[in-house]
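Inside the fold
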Amino acid sequence: MDYSSTLWTLGVSFVLAVLLGPVCIPILRRMKFGQTVREEGPQSHLKKTGTPTMGGIIILLALTLAYLKFADGGLAFWAILVACLGFGLVGFLDDYIKVVLKRSLGLTAKQKLFGQLLFSIIFCVLLHRMGHSTAISFPGIDGSLDLGWGYYALVIIIFFASSNAVNFTDGLDGLLSGTSALAFGAYTLIALEAAQSQSAIFSAAMIGAVLGFLVYNAHPAKVFMGDTGSLGIGGGLAAVAILTKTELLLIIIGGVFVLEMLSVIIQVASFKTRGKRVFKMSPIHHHFELTGWSEWRVVTVFWTVGLVLAALGFILYKGL
């Protein structure tokens, strides 16, 4: 496994996503797969109403085609596909119900939970068949802790946390596309260092796909990825973190996603217990918008934070 293969994968995935945009976006627009914007959100977002959503299809198609072309197969290959496409399917169903069937809530909480749990369990079964270690290591500290069967409970928690945290981050033009590319950049390097070829190829394919999508998703966005894209990205990110044995390091590399999720948890907990809001609006990217930051400023600041955290995560992995 070498760097040239990952670069080829990234390049092919990027080109595919760019080529798929002009094909998929008009179809989504004709089928009236338009975004509904929250009225209580920033007023500047109201003009985005009707922008085609479910553009995550572009990401997943480009990613899958490039991954199939350059990956070698095996259980790790199938485990990653199950995680990414499985969670993407849950997101697609949620989007379809909301946008096409006009049921604003999409899948019920129980239905979404069941879908996420189902694909998490399938991933766990494949992990077990691979003989994957059930020990976890702590960043910057020698030694590890074997959790035994409890490790699989941790895997399921990681999938739920990752997919939902990434989903919360998808709220501004280009925000998730850029931050996810940075996180997968760190995991491409980590997977190469760990000789995890399937994880490296997948991560490179994801970078290419989200950057190709960013061509159409940068402000002002011509298309949104929807839950189809965000849940697929979150599932793929969790899978790569688990396969590279960097489960806890994901908290740092995906730190932007963690902050987004924590802001929602804090906001809800504060309002329910004290009747007061901590932030002007959650997730936290909307808080900064409502304090007067432009959308582009919020996105670029979050990209910068994502870059720093991705670099920090890789440095900790290398033990430098």
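One structure accompanies this document, and this report is about it. Treat the numbers as computed from the prediction; the structure is a model and nothing was measured.

A few words now on the environment of Ile58. The topology assignment puts Ile58 in helix H2 (residues 56-70). In this structure Ile58 comes out as buried when scored by relative accessible area, which is 0%. Each C-alpha atom, one on Ile58 and one on Gly21, is 6.7 Å from the other, the two residues being 37 residues apart in sequence.

Attention now moves to a nonpolar patch on the surface. Judged by side-chain polarity, Phe14, Val15, Leu19, Leu211 and Val215 come together as a nonpolar surface patch covering roughly 400 Å² of accessible area. For the nonpolar patch, the secondary-structure elements that each account for two or more residues are helix H1 (3-30) and helix H7 (197-217). With 3 residues, H1 is the largest single contributor of residues to the nonpolar patch. When you line up the elements, Phe14 lands in helix H1.

Moving on to unusual backbone geometry. Cis geometry marks the peptide bond from His219 to Pro220; its omega dihedral reads -5°. Within the element layout of this structure, Pro220 appears in the loop between H7 and helix H8 (226-243). Note that the residue after Ser282, namely Pro283, is joined by a cis bond; omega there is 0°. Within the secondary structure, Pro283 sits in the loop between helix H10 (255-274) and helix H11 (284-290). Phi is positive for Ala195, which is not a glycine, with a value near 55°. Here Ala195 lies in the loop between helix H6 (175-193) and H7. For Lys245, which is not a glycine, the phi torsion comes out positive at approximately 60°. By the secondary structure assignment, Lys245 is in the loop between H8 and helix H9 (250-253).

Moving on to the side chain of Gln267. Structurally, the position occupied by Gln267 is in helix H10. For Gln267, a relative accessible area of 7% puts it in the buried group. At 3.0 Å, the side chain of Gln267 and the backbone nitrogen of Val278 are in polar contact. With sequence-adjacent residues up to four places away left out, Gln267 is seen in contact with Arg277, Val278, Phe279, Lys280, Met281 and Ser282.

With that out of the way, let us pick up H10. Residues separated by three or four positions in an α-helix point in the same direction, a consequence of the helix having 3.6 residues per turn. When the terminal C-alpha atoms of H10 are compared, their 27 Å separation across 20 residues agrees well with the 28 Å that a helix rising 1.5 Å per residue should span. Taken residue by residue, H10 has Gly255, Val256, Phe257, Glu260, Met261, Ser263, Val264, Gln267 and Ser270 as its buried positions. As for H10, its buried residues are in contact with helix H5 (150-169), H6, H8, H9, H11 and helix H12 (295-318). Just beyond H10, the residue with positive phi is Gly275, at close to 75°.

This paragraph deals with the packing of H6 against H8. Taken N-terminus to C-terminus, the directions of H6 and H8 make an angle of 15°; their axes are 11 Å apart at the nearest point. By the angle class used here, H6 and H8 are roughly parallel. Judged by the sense of rotation from one axis to the other, the crossing of H6 with H8 is left-handed. Of the residues in H8, those in contact with Leu176, Ser180, Ala183, Phe184 and Tyr187 of H6 are Ser230, Ile233, Gly236, Leu237, Val240 and Ala241. Among the residues making up the contact of H6 with H8, the classes are represented as 8 nonpolar, 3 polar and no charged.

Rules and cut-offs
Residues numbered from 1 in each chain as written. Predicted model: local features only at pLDDT ≥ 70, side-chain atom pairs only at ≥ 80, totals over all residues. Heavy atoms only, no water. Helix = DSSP H or I, 4+ residues; strand = E, 2+ residues; numbered from the N terminus. Buried < 20%, exposed > 50% of the residue type's maximum accessible area, 1.4 Å probe, protein only. Patch = residues over 30% accessible without salt bridge, like charges linked within 9 Å, V, L, I, M, F, W, Y side chains within 5 Å. Areas by Shrake-Rupley, 256 points an atom, 1.4 Å probe, with all protein chains shown as cover. Salt bridge = Lys/Arg side-chain N within 4 Å of Asp/Glu carboxyl O. Polar contact = N/O pair within 3.5 Å; in protein donor to acceptor, adjacent residues only side chain to side chain. Contact = heavy atoms within 4.5 Å. Expected span 1.5 Å × (residues − 1). Axes fitted to C-alpha atoms, helices over the stretch in contact; angles between N-to-C directions. Parallel < 35°, antiparallel > 145°, perpendicular 65-115°, else oblique. Left-handed = near helix turned anticlockwise from the far one by under 90°. Nonpolar A, V, L, I, M, F, W, Y, C, P; charged D, E, K, R; others polar.

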